[in-house]
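# Examining the three-dimensional arrangement
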Amino acid sequence: MILLQPSSLQLHETCIRNQNREGSSSSSSTSANNYKLRVFENMRFLVILLLVYFGIHRLNQSRSISVASETTTSGTVFVNGTAPIGRIDDDFVCATIDWWPTQKCDYGTCSWDRASLLSLDLNSPILLNAIKAFSPLKIRLGGTLQDKVIYESHNIKQSCTPFVKNDSDLFSFSQGCLPLSRWDELNIFFNKTRVVVIFGLNALRGRIIDSQGLATGAWDSTNAESLIRYTANKGYKIHGWELGNELCGNGIGARITADQYASDISHLQNLVQNIYAGFKDKPLVLAPGGFFDHNWFTEFIAKTPKTLQVVTHHIYNLGPGSDDGLINKILDPSVLGGVSQTFSNLQSVLKHSGTSAVAWVGEAGGAYNSGRNLVTNTFVFSFWYLDQLGMAASYDTKTYCRQTLVGGNYGLLNSNTFVPNPDYYSALLWHRLMGSNVLSTSFSGSAKLRAYAHCSRKSQGITLLLINLENSTTVQVSVSTESASSSSNTSFKNPRTSSSTSSHTEREEYHLAAKNGDLQSQIVVLNGKILEVDSSGVIPPLEPILKRVSDPITVSPYSVVFVVIPNINVSACK
C-alpha cells in the first residue's frame, strides 16, 4: 500500500473549498462556526493521515534494516570421540529448595513467596508433574539459613518456631526450626516424586563467632544426629548429608578453618557409618558447599582423603542481581568462559590430592541475592545455564545443582504458580538427551557459538548442544569427528540422502527460542511451538524435528539447539 504525503498546497485548497461552500451565509455566526468546525475536522483527518503515513514508513524502514542486517555464516564443530574427558551422574541435573521465608527481600523486591522448605505447597499438581518429568530429579535442601536451623527432637525442650526477620541477627533472621511433621510431609512427597535427596546440615551449631566472623570450637552434632537417626529409623532415603553452607575460605557471614572443618567432616562420617550400619546403601558425606578458595580447598581435601565423598562448591559468577548489565554479561563469551578457571583449578586439586572425592556444583544461581526479575527467570538465562552445564561436565563435575527449583527470581519454576520458566525446559532436555560420557569439543567459526557434545543418553551416537549468542547471524554448523565409523573425518559429508525414515539417515533436532524473539520472555518456543502446561498441570511433550544427517545444522540468532546424531559411532561411546 502506498500513501501519498499531502502537501501544504493540498491543505490550503481543502480550506478554500470548505470556505466556498459557505457562500453568502459566511457572514452569520452560525455559518462561521460551522466553517471553523469543518476546517478543524479536515485538519484533524489530515494529521491522522500524516501520522499513519510516517508510522508505516518507519515500520517499513525498521523491517528493512532488520532484514538487511541478518547474515549467515558457517563453522565446524570438532568432536574428539577417542575417549571421554569426563563422566557425569545420570542425575547430573539437580535443583535446590531453600529455607528463605516470604520476608526475604533484595533491592526492594521480595521474590520468595511461599517457596521455603517450611511452606512450599506440596499438593500442587504442576510441582509434582514438573519433578516427576525427570524421573529422577536430584534436589539439594539447603542454603544460607540452614546454618540457623534446629530440628525438632524429643531431646530438645523448646518450641519449634519459624524464622523471624531480624536485621541484627546473622543473615538478618532469627533461628528457625524444622518440625518433624513437616519433615515427614517432605519425605512422603520426595518418595512420590522419586527425588534424590541431599540435605544440608547446620554446621554452626555449638560454635562461637568472633568479631571477625571466625566460628571457633568444634561442631555440636547432637541435634543433627537426632535428625539423621529419626530419618534412618523412618526409612526415609537420603542420598547425601552435606555439612554447612558457604563457611569455607572467607565465608559468607561466618567462616570455619579448613583444619576444623576436616575434623567435623570426620565426625559426621563416623555418625553416618554408625547410624546406617547394616544398610546396604549408605548416604554420601558432602562439604563444604561454598565458594572455591584454592588454599582452603587444598588443605581441606588433603585432610579428608577417606571421610569425604563429594566436594561441593557454588557458582555466582555474574555478580549481584541488582546489576543492570546482567544481560550483556550473559551474552558475552568471555564472561561465560571466565569461570572455567574455577572448574579447572578444583579438578587439579582433586587430581593431585589422592582423594577419591568427586566435584559437584552444589548451588548455582548466576546472580546472587535472588537473581533479577525478567532476566534470570527468562529465556536469556538459558544461555548462561546451559553453558554452565556443558562447561561443568567437561571438567568432570558429576552433579550441577541449580539455585533454585522454586524461589527467588532464578527458579526453574515460577514461585507463585509453579509454571515452568524457560530454564526448566532447558534442564529437562539436557537430562533426557545428554549421556554420561563427555566428549572433547571445539568450534571453528563464530566466537559467539558455544558447543558441547556428549554420548547420547538413550540411543547410539552423540548429542550436541549448540548455543548461538549472535543477535543477527545464523550459523550453519557441520560436524567433524575423530574415530567415527560413519566416515573418516566429517559426518555430514556422507552422500546418503534417502528420504526414508532411518536411524542412520536422519537426526533429531530441538530448537529453543524466545517467544517473538524477546530474550526477556518467560515463554519458550520449541521447534516453533510454544511450551506450556495444560489445565491439569501436565508438562508438555518435548518433540524433535527430523533432519537428514547429511545437511548442516542451522542455528538461528539467539537460539539453542540440541542435536541427536545417531550415525556417529565413536569409541568413547561404546
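To keep things clear, this report deals only with the structure shown in the data block. The structure presented is a predicted model; accordingly, all values stated were derived computationally and were not measured.

### With respect to the layout of surface pockets
Counted as a void, the largest pocket has a volume near 490 Å³. Those elements giving two or more residues to the lining of the largest pocket turn out to be helix H4 (180-193) and strand E7 (196-201). At three residues, the largest contribution of residues to the lining of the largest pocket is made by H4. Tallied by class, the residues present in the lining of the largest pocket amount to 11 nonpolar, four polar and four charged. Taken as a whole, the second largest pocket spans an internal volume of roughly 310 Å³. Along the wall of the second largest pocket there are 17 residues; nearest its centre are Trp 100, Thr 144, Glu 246, Tyr 368 and Asn 369. Looking at the lining of the second largest pocket residue by residue, the class counts come to eight nonpolar, five polar and four charged.

### Re the state of the cysteines
As enumerated under the stated definition, the model contains four disulfides in all. One disulfide in the model links Cys 94 with Cys 401; its S-S distance is 2.1 Å. Between Cys 94 and Cys 401, the S-S torsion sits near 85°, and that sign places the bridge as right-handed. With Cys 94 in strand E3 (residues 93-97) and Cys 401 in strand E16 (residues 399-402), this residue pair connects regions lying 307 residues apart in the sequence. Judged on exposure class, the residue Cys 94 and its partner Cys 401 are both buried. Across the chain, the disulfide pattern expressed with sequentially numbered bonded cysteines is 1-6, 2-3, 4-5, 7-8.

### Quick word on the packing of aromatic side chains
Enumeration according to the criterion identifies 23 aromatic pairs in this entry. Relative to Phe 163, the ring of Trp 99 has its centre 6.4 Å away and its plane inclined at 75°; by these criteria the two rings are edge-to-face. Pair noted here: Trp 99 is in the loop between E3 and helix H3 (125-132) and Phe 163 is in the loop between strand E5 (149-151) and strand E6 (176-178), with a separation of 64 residues, a long-range link. Judged on exposure class, the residue Trp 99 and its partner Phe 163 are both buried. Taking 5.5 Å as the distance between ring centres and 90° as the angle between the ring planes, the aromatic pair formed by Tyr 261 and Trp 296 counts as edge-to-face. Here Tyr 261, found in helix H6 (residues 258-275), pairs with Trp 296, found in helix H7 (residues 294-302); they are 35 residues apart in sequence, far enough to count as distant. Neither residue differs from the other here; Tyr 261 and Trp 296 are each classed as buried. Above the ring of Trp 100, the side-chain terminus of Lys 104 is found at 4.2 Å from the ring centroid. The ring centre of Tyr 385 lies 4.7 Å from the NZ or CZ of Arg 402, which sits over that ring.

### Notes on the pairing of strand E4 (residues 138-141)
Side-chain alternation along E4 places Lys 138 and Arg 140 on one buried face and Ile 139 and Leu 141 on a second face that is also buried. The pairing of E3 with E4 spans four bridges and is parallel. When the sheet's bridge partners are listed, Ile 97 is paired in E4 with Leu 141. Judged from the four bridges that link them, E4 and E7 form a sheet pairing that is parallel. Note that in E7 the partner of Ile 139 across the bridge is Val 197.

### A look at the environment of Gly 407
With respect to the helices and strands, the residue Gly 407 is situated in the loop between E16 and helix H12 (422-433). Gly 407 sits in the buried class, given a relative accessible area of 0%. Each C-alpha atom of the pair Gly 407 and Thr 96 lies 9.2 Å from the other, and the pair is 311 residues apart in sequence. Not counting residues within four places of it along the chain, the set of residues in contact with Gly 407 comprises Ser 111, Trp 112, Ala 115 and Ser 415.

The rules we used
- Residues numbered from 1 in each chain as written.
- Predicted model: local features only at pLDDT ≥ 70, side-chain atom pairs only at ≥ 80, totals over all residues.
- Heavy atoms only, no water.
- 1 Å grid on protein atoms, 1.4 Å probe; cavity = no way out; pocket = protein on both sides within 12 Å on 5 of 7 lines; lining within 4 Å.
- Points joined across faces, edges and corners; volume = space filled by probe spheres on them.
- Helix = DSSP H or I, 4+ residues; strand = E, 2+ residues; numbered from the N terminus.
- Nonpolar A, V, L, I, M, F, W, Y, C, P; charged D, E, K, R; others polar.
- Disulfide = S-S within 2.5 Å.
- Buried < 20%, exposed > 50% of the residue type's maximum accessible area, 1.4 Å probe, protein only.
- Phe/Tyr/Trp six-rings, centres within 6.5 Å; stacked < 30°, edge-to-face > 60°.
- Lys NZ or Arg CZ within 6 Å of the ring centre and 35° of its normal.
- Pairing = 2+ DSSP bridges.
- Contact = heavy atoms within 4.5 Å.

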